[in-house]
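The residues making up each chain are set out below.
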Amino acid sequence: MNILNKKPIRSSDTASVSPGSMYEEVPLITGNQTFSSVTEKICSIVENDPPKMWYVLFGISLSLLLMLVGSVGYLIWEGTGIWGLNNPVGWGWAIVNFVFWVGIGHAGTLISAVLYLFRQKWRTSINRFAEAMTIFAVICALLFPTIHVGRIWVLYWFFPIPNQMEMWPNFRSPLLWDVFAVSIYFTVSLLFWYVGLVPDLATLRDRAKTKARRVLFGILSLGWRGGNRHWRHYELGYLILAGLSTPLVLSVHSVVSTDFATSIIPGWHTTIFPPYFVAGAIFSGFAMVMTLAIIARKAFGMEDFITIGHLEKMAKIIMVTGLMVGYAYSMEFFIAWYSGNEYEKFTFINRAFGNYAWGYWIMVSCNVLIPQFFWSRKMRTNVTVLFILSIFVNIGMWFERFVIIVSSLSRDYIPSSWDYYSPTIWDISVFLGSFGLFFTLFLLFIRFLPMISMTEVKGVLPQADPHHDMYHNSGDK
Amino acid sequence: MRIEKNDSFIDAEILDNSNGENSKMNTSADRLTIPAKSNGKDYWRSLDELSNTDKFQSFVENEFPEGTIDMPSQVSRKKFLGLMGASLALAGLTACRRPIEKILPYIKAPEEIIPGIPKYYASAMPFGLNSYGIVVETHEGRPTKIEGNKGHSSSMGRANSFVQSSVLNLYDPDRSQAPKHLGREVTWKAFQTFWKPEHEQFLENDGEGLAVLSESFASPTLNRLRNSFLEKFPKATWAAYEPVSDENIYRGLEIATGQVYQPINHFDKADVILSIDSDFLYLESSDIVSSRRFADGRRVTTENDSMNRLYCVENSFSVTGGMADHRLIIPYNRIAAFTAALITELRKSGISISTPDAIDQIDVSGIDTKWVRILSNDLVFNKGKSLVIAGYRQSAEVHAMVYAINDGLQNNGKTIYYHQPEDRLYPRKSEFKSLVKNLESGKINTLILSDINPVYSNSADTDFTSAMKMAKNVIHYGVSENETSALCNWHLPGIHYLETWGDVRSFDNTLSVIQPMIAPLFKGKSQAELFNTLLTAEFISDYDLVRETWKSLLVSQGFDKQWQQVLHDGYLAGSDSHPEETSINKRSITAGLNNFNPGTTKGIEVVFAKSSATFDGRFANNGWLMENPDPVTKVSWDNVASISEKTATKLGLKNKELAEFSINGQKATVPIWIMPGHAHNSITMTLGYGRTSGGRISNNVGVNVNRLKTSDSYLSSDVSVTGTGRSFLIACTQDHHGMGSEKLVADQIQKRLPMIVRESTLDEYRSNPDFVNDVVEQPELSSLWKEKEYTEGYQWGMSIDLNVCTGCNACSIACQSENNIPVVGKDQVEKGREMSWIRLDRYFSGDVENPEMVFQPIACQHCEMAPCEQVCPVTATVHDDEGLNAMVYNRCAGTRYCANNCPYKVRRYNFYNFTSELPEIVQMSQNPNVTVRFRGVMEKCSFCLQRINQAKITTKNENRTIVDGDVVAACQQTCPTDAIVFGNINDPDSKVSKMKKQNRDYSLLGEINTRPRTTFLAKLRNQNSKLDS
């Protein structure tokens, strides 16, 4: 009875947005969807020929991916000298990109796992492709530490593989922690995503018109028949994976931040880094989800599933995490001043006014100032504004990592070694190429797999939660 | 002792030079003509067979001759395909490389050569009128490293960067390989055939029309041959040509005393030293001895010790100027006036100086009279214990005045000795000029140029190039073909001093025999052999020629016994001359100085200096020197026009802007380099760059500025300078020096500098002996875990005395030679990827107009709590029980995390495969005891681990432990001032332990708890309290 008394967290109570009323929300799913219309809409994208736009985007992405392959090939052939790295700045764009992509991934896990545990039902429309985004972002992220090493052919030394020399990796090195953190993250995210896909894959199998599809989806759906026991195990498994994923949201980027925090370089050696990096990761991840969601809903006409309400909620999270990041920026300055350490003080003054000041101010503008627009509901509900601002946040977060990594290294303790780092064409091509990899995978995903979880969306439709009128005034239609 | 007795050496088969024509070794052609069947693996049979056809061989030779491989970084499609093809074609041949190396398999193994154990031979390196006694490390007959000879007075066991890097010149792939006539390769026989009738004709006409222009030398054999030559051909002329030389010093002494002397400065005996434009610690002759003696007078161990005081007057910062306690910056053209002002001031104090009154009439306006007065008082106070020295660039008149000052201060015979020079050929510009006149008037039909390059280096006022063309036959002899040889009808290849027999006298006339370490790599002949051929038209080997000369030098005991003793020691004991009693020659000095008027110049002056990298251009094809940054400007791979910021602003010039300099119709475009502490309206340029046919390293690097100068002076006045607005890419290894346009940085460096380079004055040190600890607050450090204690066995450590480190770069080159450090090229240095394991940081402090300059050698500090070790994911850098921070190249994956986390930034990364394309001949210069690093691995100073292990093996065989002095790091070994000391810090009696116990000892960045094993002794300046403004 208690459960029945409790008002379910769903926003389909009001049919439409009344302007001016702050607290009324858009319904989760609009357009009078039924179970079958949901299935029809989402499956049709996978089953029919994609729009022309898909081919155009896929062509562009594939070209960028080819550029990546070429650049990486040349890199391995010639050596890391083709990048702009020099003696004080041993890590450049490659590591910036690594942290950037790992950060992007975080929003996916947050949406699918943390919001799931908190019963935030609005996540249902975006969790599938947010998780996909996580996996693809982590793939992009893994690319960079792999190729940035000088001798890629000895990469297996990073793993604790028993060998005749009894040589083990150095467990004190944060880079090794990275290896574990990111690989665990990737594995768990992949499992979580796949488990969530199983019922939808079964739907696709059932609707399959060709034998190939039937066999393929048949294998992938693991014999799912929608039985009660299936659902019970599925729900439990999903819950466990969500539980496993949740600490990863915090741990992965914390570990990544220790690459810097455990070092002794002023500007890196900071205890604030773990929470600061996690906030930044969620911030950038939500911006990327927003960017992708806006493209996807436009391209495939999914406005009913990814409503303005979803976007607005994400905008709120972006604003909150943006404030956290802004707080971290100012706290770094405060601590640098408060510590009285000359090296530390200079590093931060140099960030704001030194050789990479341009990067610093791009970072501050994009990450601290721009999200302030989201105080206004008008801005939060304007798709164009959201799209543009989300891109700014992505840029700002890339620059945050650039500023931290490069500006700290470029001027550390001994001034004689100070030098300036500028990227070469190969730094740029690998970075752009990683977007090629990301979007190629993403476009393949939305072409061949349901980008929105049909199961979960159906779960938040009013029909899925029927009640007697005595409890609810607005009946389900 | 490391020097081995070398009787077996002479008979060693590998060095048998009797058939010099055939002694070419180790070329690719040799390798490929060997039938590979016997050695190549079976499954490559078809390729092996293919490799034996003439067609394939000629293809390979044409495709990859030794000379065609470029510096790394330029990847062309052609090269790529070439490399692919080469790796396929040569894969089956690699196995057969070893047996055909002439040097490795001994048919008759020479005695006392154990493969893998280096041998050390004493020899000497001739260097114009100078020479340096050296000990050469050879591996299986292959010289790899040069050190000073402890017993030799010219080096006292130390070396400078030129001596260190001269071994690389031996393996210069651009050396000339065969005689050439009209550009066509011929044999020495052909030259002899040509010379025979010429020789007879000159015998008939007493050598009319015959002239020899050689480099200057101090060699009994060369001098004997020259004298015989002039006797045989009385009408022939023989002059010496040197673009930069000490001619003015000798001429000055001639003016003052009526005679040419060799001055020898005993800085250790002087309490007050005045350097007038003299970089005696670095670029002057006998710099090693000067540095050593200067350091002896400078070194302090406690606050109760005294140290010398150095005053320096110059227009542009020199290494010596950096060491100065007081430095007066005046334009170059006012230096003579300064000297005159000093004479006037000294006279006022009652010092009698025998210069004519005309000197007192010299206009001294603009000279800081207070400075001169205080200096003068200090010199007078230290009469007989002071030393005044002027640089090679100053005119003969200034040198005469300086002699008179030292005479008045009674320093002559006390702090400066004068020796009677022997067996020398002096360079004289006047003789060169009259030779050019004779050439122009057609009086000379045969001109022989020995080891000189006047077409490149002569000044604008003598048009040697066109004069040379008037002669019928111009014969060029030299180790490399160059700008001059290209215009000669004969080119004869010379040989490197490590391949030749010869002899030299050093500055104090000590006799040494130059003995070959290796058979000539190419078809060259030595200078003595050439001179003898010119003289007799017959060929006699240099070995016989030198022994012939020494028959008259070694008379006391049996010749052979004494000869072998000289070869063993590297010098003839007791052959140094005694100082002469000298005195002013009134008549001569009055005549010489009466009309001396240095005058004043308005407008911009340009001053020329010899280069720290190329000297006068002769070392331009040496990659080690070319890449080693100039100690003061920190620019590598280029020469620049140093200028003060104020003058640059006045002329509207920016840093790195290309500016066009023109004087008397001669033009040169040189990049501007703004330097703190430079005189205004004055610009300094280095000679020796801008070679056009000097080889792959030297060609088109920098600008040839010889044409802007006249042959008599190192100064060009009223030069017009116009900026071009174009910026030039300059490879500078230290962008920030503590002063400059970016205020944020300049302020910060000034703030940090007292922590990094701790420095005080002698007075302050005496009142507060522990001043080093007052600079940085270092909290008590506690550890979270039980830390490893390094108390057992050997514990290696280093101490660097900043008070005597002059910044001369010798350690850097020594390290490069010892540890096979690659040369990476200008573009890589510009990107900040230079590989030097020990670098010399240079900072300026104080007033931007008149700053102080300090140097700090930085190599891996071998921290006990090494930040690099903790972050390496694959444990490629680890600590050993003896406190060494070891780098395991094999294990390195190249994440560069260690380099990022190194607060000293001493780790160097192989961004490319810098060593793979080294020509085979250059590979011969490498130390076989040090791994050559591959692409993608990190490297850094190892404290010369290979030497530590060598000592361990030796001492184990001798059943004892290592004692202080058994292990000497390469940088320490060569340091002329003993600033670097390395050893076992667990031994309380070792030199390094004692240094670390001094109260000036501090750890760089010790406050971040890295616990470096290398510590520094703070710098001191002995300032005259009266000059503190």
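On a predicted model such as this, the values are computed, not experimentally measured, just so you know.

A.B. asks: If you had to explain the overall build of chain A to someone new, which residues and values would you point to?
C.D. replies: A tally of regular secondary structure across chain A gives 16 helices and 0 strands. Its C-alpha atoms give chain A a radius of gyration of 24 Å, near enough to 23 Å, the size a compact globule of 477 residues would have. Counting only C-alpha atoms and orienting by the principal axes, one finds that chain A spans roughly 75 × 55 × 45 Å. Within the span of chain A, comprising 477 residues, buried residues form 49% of the whole.

A.B. asks: Give a detailed account of the pairing of strand 21 (residues 605–609) of chain B, specifying residues and quantitative values.
C.D. replies: Residues in a regular strand project their side chains so that they alternate between the two faces of the sheet. All names here are of chain B. Across the 5 residues of strand 21, 5 count as buried, placing the element largely inside the fold. Neither face of strand 21 is left uncovered, since the one carrying Glu 605, Val 607 and Ala 609 and the one carrying Val 606 and Phe 608 both have all their residues buried. Pairing geometry for strand 21 and strand 27 (residues 715–716), over 2 bridges, is antiparallel. The residue bridging Val 607 from the neighbouring strand is Leu 715, located in strand 27.

A.B. asks: Please give an account of helix 8 (residues 188–204) of chain B that cites residues and values.
C.D. replies: Residues and elements named next belong to chain B. The first and last C-alpha atoms of helix 8 sit 24 Å apart over 17 residues, in line with the 24 Å expected at 1.5 Å per residue. Approximately 30° is the largest bend angle found in helix 8, and it occurs at Trp 195, with the proline Pro 197 only one to four residues beyond. Taken together, the buried positions of helix 8 are occupied by Trp 188, Phe 191, Trp 195, His 199 and Phe 202. Considering only its buried residues, helix 8 is in contact with strand 6 (210–214), strand 18 (490–493) and helix 19 (527–536). Asp 206 lies just past helix 8 and shows a positive phi near 60°.

A.B. asks: Can you tell me about the nonpolar core, naming the residues and giving the values?
C.D. replies: Of all hydrophobic cores here, the largest spans 419 residues; its most connected members are A:Met133, A:Phe286, A:Val289, A:Ile318 and B:Leu447. Not counting residues up to four positions away in its chain, the partners in contact with A:Met133 are A:Gly108, A:Met288, A:Val289, A:Leu292 and A:Phe442.

A.B. asks: Please give an account of helix 4 (residues 93–117) of chain A that cites residues and values.
C.D. replies: Residues and elements named next belong to chain A. The first and last C-alpha atoms of helix 4 sit 36 Å apart over 25 residues, in line with the 36 Å expected at 1.5 Å per residue. Along helix 4, the sharpest kink reaches roughly 35°, centred on Leu 110. For helix 4, a buried count of 23 out of 25 residues is recorded, marking the element as mostly surrounded by other parts of the structure.

A.B. asks: Report on the sheet that holds strand 3 (residues 142–148) of chain B, specifying residues and quantitative values.
C.D. replies: Residues and elements named next belong to chain B. One open sheet accounts for 3 strands, arranged 1-2-3; its pairing is antiparallel. Two strands close off the open sheet at either side, each with one partner strand: strand 1 (119–127) and strand 3. Strand after strand, the sheet turns through a mean of 35° between neighbouring axes, direction not considered. Two elements, strand 1 and strand 2 (residues 130–139), share 9 bridges in a ladder whose sense is antiparallel. Directly across from Ser 123, in strand 2, lies its bridge partner Ile 134. Strands in contact with helix 7 (residues 161–170) are strand 1, strand 2 and strand 3; relative to strand 3, the strand with the most contacts, it is inclined by about 165°.

A.B. asks: Account for the confidence of the model for chain B, with residues named and values stated.
C.D. replies: Detail in the predicted coordinates should be disregarded across regions flagged by low pLDDT. Residues and elements named next belong to chain B. When pLDDT is averaged along chain B, the result is 85; 89% of the residues meet or exceed 70. Every residue in residues 1–52 scores below 50 in pLDDT, and together they form 86 contacts with partners more than four places removed in sequence or on other chains. Residue range residues 85–104 is modelled with pLDDT below 50. Its contacts to residues more than four positions away, or to other chains, number 36 contacts. For this predicted complex, the interface score ipTM comes out at 0.88, while the overall pTM is 0.86.

A.B. asks: Mind laying out the interface of chain A and chain B, listing which residues take part and the relevant values?
C.D. replies: Counting residues at the interface gives 41 residues for chain A, matched by 41 residues for chain B. At the level of secondary structure, the elements contributing two or more residues to the side of chain A that touches chain B comprise helix 6 (174–207) and helix 11 (342–353) of chain A. Top element by residues in the side of chain A that touches chain B is helix 11 of chain A. It accounts for 5 residues.

A.B. asks: I'd like to hear about unusual backbone geometry, residue by residue, with values.
C.D. replies: All names here are of chain B. One non-glycine residue, Phe 615, lies in positive phi territory at about 60°. By the element assignment, Phe 615 lies in the loop between strand 21 and helix 23 (623–627). One non-glycine residue with positive phi stands out, namely Asn 1009, at about 65°. When you line up the elements, Asn 1009 lands in the loop between strand 39 (1001–1002) and strand 40 (1014–1017).

A.B. asks: So what's going on with the pairing of strand 33 (residues 851–858) of chain B? Residues and values would help.
C.D. replies: Residues and elements named next belong to chain B. In terms of burial, strand 33 is a largely internal element, 8 of the 8 residues being buried. Every second residue of strand 33 is oriented toward a common face, with Pro 851, Met 853, Phe 855 and Pro 857 on one face and Glu 852, Val 854, Gln 856 and Ile 858 on the other, all of them buried. For strand 32 (residues 839–846) and strand 33, the ladder comprises 8 bridges, and the chain directions are antiparallel. Residue pairing in the sheet places Tyr 843 in a bridge with Val 854 of strand 33. Here strand 32 folds back onto strand 33 in antiparallel fashion, the turn holding 4 residues.

A.B. asks: So, the packing of helix 5 (residues 127–148) of chain A against helix 6 of chain A: which residues are in play, and what are the values?
C.D. replies: All names here are of chain A. Put simply, helix 5 and helix 6 touch, their axes get as near as 10 Å, and they point 150° apart. Compared by their axis directions, helix 5 and helix 6 come out roughly antiparallel. Crossing of helix 5 against helix 6: the hand is left-handed. From helix 5, Arg 128, Glu 131, Ala 132, Thr 134, Ile 135, Val 138, Ala 141, Leu 142 and Pro 145 reach across to helix 6, where they touch Asp 178, Val 182, Tyr 185, Phe 186, Ser 189, Leu 190, Phe 192, Trp 193 and Gly 196. Residue composition of the contact of helix 5 with helix 6, by class: 12 nonpolar, 3 polar and 3 charged.

A.B. asks: Explain the sheet that holds strand 26 (residues 682–686) of chain B residue by residue, including any values.
C.D. replies: Residue and element names in this part refer to chain B. The 7 strands are arranged 27-21-26-23-25-24-28 in an open sheet whose pairing can be described as mixed. In the strand order of this sheet, the two ends are held by strand 27 and strand 28 (720–727), each with one partner. Sheet topology places strand 23 (residues 641–643) next to strand 25 (residues 666–674); 3 bridges connect them, and they run parallel. Bridging from a neighbouring strand, Ile 643 pairs with Ile 674 of strand 25.

A.B. asks: Report on the packing of helix 4 of chain A against helix 15 (residues 425–448) of chain A, specifying residues and quantitative values.
C.D. replies: All names here are of chain A. Across the interface, helix 4 lies against helix 15 with an axial gap of 10 Å and an inter-helix angle of 20°. The pairing of helix 4 with helix 15 is recorded here as roughly parallel in orientation. Along this stretch, helix 4 crosses helix 15, giving a crossing that reads as right-handed. Of helix 15, the residues touching helix 4 (which contributes Trp 93, Ala 94, Asn 97 and Trp 101) are Asp 427, Val 430, Phe 431 and Ser 434. Considering only residue class, the contact of helix 4 with helix 15 consists of 5 nonpolar, 2 polar and 1 charged.

A.B. asks: Outline the confidence of the model for chain A, supporting the account with residue identities and numerical values.
C.D. replies: Mean pLDDT over chain A works out to 85, with 92% of the residues at or above the 70 mark. When pLDDT is averaged over each element of chain A, helix 15 of chain A comes out on top at 93 and helix 1 (residues 2–5) of chain A at the bottom at 40.

A.B. asks: Kindly report on the environment of B:Ser990, identifying the contributing residues and their values.
C.D. replies: Residues and elements named next belong to chain B. By secondary structure assignment, the location of Ser 990 is in the loop between strand 38 (980–984) and helix 34 (991–996). For Ser 990, a count of 21 C-beta atoms within 10 Å gives the class buried. Separated by 27 residues in sequence, Ser 990 and Val 963 have C-alpha atoms that sit 8.1 Å apart. For Ser 990, the residues in contact, after removing those within four places along its chain, are Asp 964, Gly 983, Asn 984 and Ile 985.

A.B. asks: Describe the environment of B:Ala390, with residues and values.
C.D. replies: All names here are of chain B. Here Ala 390 lies in strand 13 (residues 386–390). Sequence spacing of Ala 390 and Cys 312 is 78 residues, and the spatial spacing of their C-alpha atoms is 10.0 Å. Beyond its immediate sequence surroundings of up to four residues, Ala 390 is in contact with Ile 276, Asp 277, Ser 278, Val 398, His 399 and Val 402.

Definitions and limits used
Residues numbered from 1 in each chain as written. Chains lettered and ligands numbered in written order. Predicted model: local features only at pLDDT ≥ 70, side-chain atom pairs only at ≥ 80, totals over all residues. Helix = DSSP H or I, 4+ residues; strand = E, 2+ residues; numbered from the N terminus. Rg over C-alpha atoms; globule rule 2.2 N^0.38 Å. Buried ≥ 20, exposed ≤ 12 C-beta atoms within 10 Å, placed from the backbone. Pairing = 2+ DSSP bridges. Expected span 1.5 Å × (residues − 1). Bend = angle between axes of the 7 residues up to and from the residue. Contact = placed C-beta atoms within 7 Å. Core = buried A, V, L, I, M, F, W, Y, C linked by C-beta atoms within 7 Å. Axes fitted to C-alpha atoms, helices over the stretch in contact; angles between N-to-C directions. pLDDT = per-residue confidence, 0-100. Parallel < 35°, antiparallel > 145°, perpendicular 65-115°, else oblique. Left-handed = near helix turned anticlockwise from the far one by under 90°. Nonpolar A, V, L, I, M, F, W, Y, C, P; charged D, E, K, R; others polar.

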